[in-house]
Amino acid sequence: MLSRTAAALVPAFGRLTVSSDPGAGLAPGSIVVANHTSLADPAIVLAALHRLDVRPVVLAAAGLWRMPLLGGVLRREGHIPVHRGSERAAEALDAAADALTRGRLVLIYGEGGLPRRRDSGELAPGPFRTGPARLARATGAPVVPLGQAGARRVGSGGAAKQLAGLATAPLRRPALHVHLGAPLHLPEDTAAATADAHGAVTRAWAVAAQRAAG
């Protein structure tokens, strides 16, 4: 339902296009690692993956599960809450590993949060947390880098600016682009794996940013 809803709504807010590198694929049991720039980009990423007939399990901030309606959908569809900064933080990776062993694709945001910059300018991925590297090491799953651009033109900045962006996006119809890189297997070392994942997502984002700007 979540992916289907995103696929239905996103075209009303912008012009979504999707591309991929040669050899890019979304095999069952893969980890999709994406960049995070806006509250709007999860819907954009889900809509793009829906076009590719992929409905991933999403790791997202646990606070979303407390929201009316959305929380119920997240629970029913088996998405995974991340309790950052708590003793329960590791539970998310355990649940993600279980989903991967069942052949599901798992979507995780490498940065683990949004940038603080408040204007709508495009942003390269910030430093990654170690979660994607640890999950890949624990499961041996391939990592598919995903770069998205244009979401900040739908919504960015403070609450008032976010609402204004959403209200005017159907009129402005900003270009939104999602690009998939070729799958890679990360090295065992956590620091090296985190750097490799960050580099691959940054390259995918650069393609997406260029195409969204064009």
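This text follows the structure it describes.
Residues numbered from 1 in each chain as written. Predicted model: local features only at pLDDT ≥ 70, side-chain atom pairs only at ≥ 80, totals over all residues. Heavy atoms only, no water.

**Student:** Please explain the packing of helix α1 (residues 2-13) against helix α2 (residues 41-51) as it appears in this structure.
**Tutor:** Two packed helices can be described by the angle between their axes and the distance between those axes. The contact between α1 and α2 brings their axes to 8 Å, and the two run at 100 degrees. As judged from the angle between their axes, α1 and α2 are roughly perpendicular. Counting all contacts with α1, which are made through Leu2, Ser3, Arg4, Ala6, Ala7 and Val10, the residues of α2 involved are Ala43, Ile44, Leu46, Ala47 and His50. (Axes fitted to C-alpha atoms, helices over the stretch in contact; angles between N-to-C directions. Helix = DSSP H or I, 4+ residues; strand = E, 2+ residues; numbered from the N terminus. Parallel < 35°, antiparallel > 145°, perpendicular 65-115°, else oblique. Contact = heavy atoms within 4.5 Å.)

**Student:** What should I look at first to understand the packing of helix α5 (residues 131-139) against helix α7 (residues 190-213) in this one?
**Tutor:** At a minimum axis separation of 8 Å, α5 and α7 run at an interaxial angle of 115 degrees. Taken together, the axes of α5 and α7 are roughly perpendicular relative to one another. α7 is crossed by α5, and the crossing has right-handed handedness. Contacts between α5 and α7 involve Ala133, Arg134 and Arg137 from the first element and Thr190, Ala193 and Thr194 from the second. (Left-handed = near helix turned anticlockwise from the far one by under 90°.)

**Student:** Would you take a moment to explain α7 for this structure?
**Tutor:** Helical periodicity: at 3.6 residues per turn, an α-helix aligns residues three or four positions apart in one direction. Relative to the 34 Å expected for 24 residues at 1.5 Å per residue, α7 spans 34 Å between its end C-alpha atoms, a close match to the ideal helical length. In the core, the buried residues of α7 are packed alongside β2 (31-34), α5, β6 (143-149) and β7 (175-180). Sitting at the amino-terminal end of α7 is Asp189, which places a side-chain oxygen 3.3 Å from the backbone nitrogen of Ala191. (Expected span 1.5 Å × (residues − 1). Polar contact = N/O pair within 3.5 Å; in protein donor to acceptor, adjacent residues only side chain to side chain.)

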